[in-house]
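Okay, here's what each chain looks like letter by letter:
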Amino acid sequence: MAYLFIDLLTLTLTGIRTSTFLYYINYANIKEFILSMCLLYLLNENIMLIIILSIMFFINILLYKYINKNFIFELVVFTFFYFILFNIDIYYVFNIFLVIVLKFSKYNHTRC
């Protein structure tokens, strides 16, 4: 749900469309995803967007069940989902940069 808040907050305050929630779909479990969709419905009430995101979530579950996870595959899936929701635009480059930063900050940090 934090990624959903980040996306909505940056869109509201700066007008920059971040799509970190599409990347988070790779790591969300069903309970977190349902809570996020309920929150999105309360904030947006766009049922078509919720249906599309739900279909993307279930496609993602099927993809990761039968295909090994690696970072290039995650970028391809993110690009495909981004292209479905938004056309490739100037924010795509910014979102790819955010995905790379999220990936390497989440899994490749050193402990002191």
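Just above, that's the structure.
Cut-offs used in this document
- Residues numbered from 1 in each chain as written.
- Predicted model: local features only at pLDDT ≥ 70, side-chain atom pairs only at ≥ 80, totals over all residues.
- Heavy atoms only, no water.
- Phe/Tyr/Trp six-rings, centres within 6.5 Å; stacked < 30°, edge-to-face > 60°.
- Helix = DSSP H or I, 4+ residues; strand = E, 2+ residues; numbered from the N terminus.
- Buried < 20%, exposed > 50% of the residue type's maximum accessible area, 1.4 Å probe, protein only.
- Core = buried A, V, L, I, M, F, W, Y, C linked by side-chain atoms within 4.5 Å.
- Contact = heavy atoms within 4.5 Å.

A.B. asks: What's the story with the packing of aromatic side chains in this structure? I'm lost.
C.D. replies: The geometry of an aromatic ring pair is captured by two quantities: the separation of the ring centres and the angle between the planes. Per the stated rule, a full pass over the model turns up six aromatic pairs. Geometrically, the ring pair formed by Phe78 and Tyr82 is tilted, given 6.0 Å between the ring centres and 35° between the ring planes. Of this pair, Phe78 and Tyr82 both sit in helix α5 (residues 71–85), separated by four residues, roughly a single helical turn. A single burial state applies to Phe78 and to Tyr82, both of which are buried. Taken together, the ring pairs in this structure connect Phe78, Tyr82, Phe86 and Tyr92 into an aromatic cluster.

A.B. asks: Help me understand the nonpolar core, please; the structure alone is not making it clear to me.
C.D. replies: The nonpolar side chains of soluble globular proteins are, as a tendency, buried together. In this structure, Phe21, Leu22, Ile25, Phe33, Met37, Leu53 and Phe78 are the most contacted members of the largest nonpolar core, which totals 26 residues. Elements with a contribution of two residues or more to this core: α2 (20–24), α3 (30–44), α4 (47–66), α5 and α6 (90–107). The biggest single contributor to this core is α5, with seven residues. Once you skip the residues sitting within four places of it in the chain, Ile25 turns out to touch Phe33, Leu53, Met56, Phe57 and Asn60.

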